[in-house]
Amino acid sequence: MRGLPAHRFPALALAFGVLLVLFASAPAMASSYRYWSFWDGGANGSWSYATQGPSMARPADGSVQGFRFGVSKDAGDQSGRPRADADFEAVCSATPAEQGRKRVALVIDFGLPAEAPSGETPPGDAPRTACARVAPDATSAEALAAVAKPLRYNSAALLCGISGYPRQGCGEPIADGAGQRPSASPSSPSSPSASSASSSGGSGGPSAGLVVGVVAVAALAAAGVWQSRRRAR
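Scope of this entry: the structure provided in the associated data block. The numbers attached to residues start from 1 for each chain and follow its sequence in the written order. In view of the model being predicted, local features appear only for residues whose pLDDT reaches at least 70, and side-chain atom pairs are presented and counted only at 80 or more, with totals across whole chains, interfaces and linings using the full set of residues. The side-chain quantities take in all heavy atoms of the structure and omit both hydrogens and water.

1. As for the state of the cysteines
Item 1. For this text, the term disulfide refers to a pair of cysteine sulfurs within 2.5 Å. Under the counting rule described, the total for this entry stands at 2 disulfides.
Item 2. At a sulfur-sulfur separation of 2.1 Å, the disulfide partner of Cys92 is Cys131. One quick way to see it: the torsion about the S-S bond of Cys92 and Cys131 is about 105°, and its sign makes the bridge right-handed. Remark: Cys131 occurs in strand S5 (residues 128-134) and Cys92 occurs in helix H2 (residues 88-92); sequence separation between them is 39 residues.
Item 3. You can call Cys131 buried: its relative accessible area is 16%.
Item 4. With its sulfur 1.9 Å from that of its partner, Cys160 forms a disulfide with Cys170. Across the S-S bond linking Cys160 and Cys170, the dihedral sits near -75°, which makes this disulfide left-handed. Secondary structure counts use DSSP, requiring at least four H or I residues in a row for a helix and at least two E residues in a row for a strand, with both numbered from the N terminus. Partly exposed describes any residue whose relative accessible area lies between the buried limit of under 20% and the exposed limit of over 50%, with all areas from a 1.4 Å probe on protein chains only and scaled to the type maximum.

2. Focus: the pairing of strand S7 (residues 159-162)
Within a regular beta strand, the side chains point alternately toward one face of the sheet and then the other, so they alternate between its two faces.
Item 1. Bridge count for strand S6 (residues 151-153) against S7 is 3 bridges, and the pairing is antiparallel. Residue pairing for S7: Arg152 is matched across the bridge by Gly161.
Item 2. A strand pair is defined by DSSP finding two or more bridges across the two strands. What sits between S6 and S7 in their antiparallel hairpin is a turn of 5 residues, with Ala157 showing a positive phi close to 65°.

3. Quick word on the nonpolar core
Item 1. Buried Ala, Val, Leu, Ile, Met, Phe, Trp, Tyr and Cys residues that are joined via side-chain atoms within 4.5 Å together make up what is termed a nonpolar core. In this structure, Trp36, Phe67, Leu106, Ile108, Leu144 and Ile162 are the most contacted members of the largest nonpolar core, which totals 20 residues.
Item 2. Sorting the residues of this core by element identifies strand S1 (32-41), strand S3 (63-72), strand S4 (102-109), S5, helix H3 (140-147) and S7 as the ones contributing at least two each.
Item 3. Among the elements that make up this core, the one with the highest residue count is S4 (3 residues).
Item 4. Contact between two residues is taken to exist if any of their heavy atoms lie within 4.5 Å; hydrogens are not considered. Contacts of Leu106, omitting those with residues within four sequence positions, involve Gln65, Phe67, Val91, Arg128, Thr129, Ala130, Ala132, Ala143, Leu144 and Val147.

4. Digging into the pattern of salt bridges
Item 1. Any Lys or Arg side-chain nitrogen located within 4 Å of an Asp or Glu carboxyl oxygen qualifies as a salt bridge. Within the structure shown, the criterion is met by 6 salt bridges.
Item 2. The closest approach of N and O atoms between Glu98 and Arg133, which form a salt bridge, is 3.7 Å. One end of the pair, Glu98, is in the loop between H2 and S4; the other, Arg133, is in strand S5, with 35 residues separating them in the sequence.
Item 3. Of the residues examined, Glu98 reaches a relative accessible area of 39% and is grouped as partly exposed.
Item 4. The partner of Glu120 in a salt bridge is Arg167, with the nearest N and O atoms 3.8 Å apart. Residue Glu120 is found in the loop between S4 and S5, and its partner Arg167 is found in the loop between S7 and strand S8 (173-174); the two are separated by 47 residues along the sequence.
Item 5. Overall, Glu120 belongs to the buried group, its relative accessible area being 9%.
Item 6. Salt bridges sharing common partners tie together Arg68, Arg83, Asp109 and Glu115.

5. Things to note about H3
Item 1. What H3 keeps buried is the set Ser140, Ala141, Ala143 and Leu144. Taken around the axis of H3, the buried residues stretch over an arc of 160°, which confines them to a single face.
Item 2. Along its buried surface, H3 packs onto S1, S3, S4, S5, S6 and S7. Our arc is simply the arc of the directions from the helix axis toward the C-beta atoms.

6. Examining the side chain of Gln65
Item 1. Assignment of secondary structure puts Gln65 in strand S3.
Item 2. With relative accessibility at 3%, the residue Gln65 sits in the buried group.
Item 3. A polar side-chain atom of Gln65 sits 2.8 Å from a polar atom in the side chain of Asp40.
Item 4. If near-sequence neighbours (up to four positions away) are discounted, Gln65 is found in contact with Phe38, Trp39, Asp40, Trp47, Ala57, Pro59, Val104, Ala105, Leu106, Val107 and Ser140. Within 3.5 Å is the distance limit for a polar contact, defined as a pair of N or O atoms, with the added protein rule that one can donate a hydrogen and the other accept it, and that residues adjacent in sequence qualify only through two side-chain atoms.

Structural data, given as structure tokens:
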């Protein structure tokens, strides 16, 4: 079997070397973040990570929205979902419907003490629930503001605090292992253990940095092959 043309080896060696650097450095680049995550309620009390931010999402009447404060590596880490079911009737049954208004059930989970910023404590052990009755075109952020003020945002419009918690900080990276939630909480039966999606890097696929790196490798390899062919002519 004939081997690869000699002029291709420099490009392949370059690509292989860059790949080794990317994979070797990926674990070191991984970080955890402390922030308020946003969730959509589904059937049978389930939760799914929201695909829009609360200032963009416009829930329909009868929707359930969840907010959970905690520490996560993956945006859709299922172990970080609210520790209460997404149950509209349980939250809004005592709030009658009103013409020209919509009802949105909100579950607000302040997280575990281990996830709290230094010097702060979550305001309560169990998640809070509230039924917001708002205008038909109201966003999830407006529904939240109707029942859980004060809210705190940063200059990039990222939700940083709900009902004054936490007092400071906003989506800051933290050292791996610091402030991590346990895999299961004995005092919270509805808290799931870390899902297989989380342990394998999340349901969202590879990290953006790794994808960019692979694209860069492909571009470098293609450039190397092109240059080698020009020299060989």
